[in-house]
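# Topology and contacts: notes
Each chain is listed here by its residues.
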Amino acid sequence: KYIKISLVSLPADLEKIKSYLDHEDWSLLSQTAHKMKSNASYMGMDVVLNILNRVEKLDSQNCSYEEIAPLINNLDEESLLALDELEEIIKILES
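Our subject in this report is the structure included herewith. (Residues numbered from 1 in each chain as written. Predicted model: local features only at pLDDT ≥ 70, side-chain atom pairs only at ≥ 80, totals over all residues. Heavy atoms only, no water.)

## A look at helix H4 (residues 65–94)
Compared with the 44 Å implied by 1.5 Å per residue over 30 residues, the 42 Å span of H4 between its first and last C-alpha is a close match. The inward-facing, buried residues of H4 abut helix H1 (2–22), helix H2 (26–42) and helix H3 (46–56). (Helix = DSSP H or I, 4+ residues; strand = E, 2+ residues; numbered from the N terminus. Expected span 1.5 Å × (residues − 1). Contact = heavy atoms within 4.5 Å.)

Take a look at the structure:
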């Protein structure tokens, strides 16, 4: 059940984060990263969790698109890998 929830919520939250990055809305980006941490932790996504911790702690007064964009790109890549693994787990559990 929780895996299926993650398969829906993680892509939606990633899209929000990318939108906040494009609009340089550091506050909402940080809030969304914070929200995503519990799911990443529960699902054992350690690399994703580490990136989310870094994104959440960025100082909104002193950060720039150039500083955050690589983190978000890394978050996106690692999250997609984790989603692929979760989909494989679902297939195994349903077979």
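Here the narrative resumes, following the displayed structure.
## Some thoughts on the packing of H2 against H3
Where H2 contacts H3, the two axes come as close as 8 Å, and the packing angle between them is 155°. With respect to each other, H2 and H3 are oriented roughly antiparallel. In terms of crossing hand, the pair formed by H2 and H3 is left-handed. In this structure, H2 uses Leu29, Ser30, Ala33, His34, Met36, Lys37, Ala40 and Ser41 to contact H3, whose residues at the interface are Val48, Leu49, Leu52, Asn53, Val55 and Glu56. (Axes fitted to C-alpha atoms, helices over the stretch in contact; angles between N-to-C directions. Parallel < 35°, antiparallel > 145°, perpendicular 65-115°, else oblique. Left-handed = near helix turned anticlockwise from the far one by under 90°.)

## What to know about a nonpolar patch on the surface
Taken together, the side chains of Tyr2, Ile5 and Tyr42 present a nonpolar region at the surface, about 360 Å² in accessible area. Inspection of the secondary structure assignment puts Tyr2 in helix H1. (Patch = residues over 30% accessible without salt bridge, like charges linked within 9 Å, V, L, I, M, F, W, Y side chains within 5 Å. Areas by Shrake-Rupley, 256 points an atom, 1.4 Å probe, with all protein chains shown as cover. Salt bridge = Lys/Arg side-chain N within 4 Å of Asp/Glu carboxyl O.)

## Re the packing of H1 against H4
Two elements in contact, H1 and H4, have axes whose closest approach is 10 Å; the angle formed by their N-to-C orientations is 165°. In terms of orientation, H1 and H4 fall into the roughly antiparallel class. Where H1 crosses over H4, the handedness of that crossing is left-handed. Among the residues making up the contact of H1 with H4, the classes are represented as 17 nonpolar, two polar and six charged. (Nonpolar A, V, L, I, M, F, W, Y, C, P; charged D, E, K, R; others polar.)

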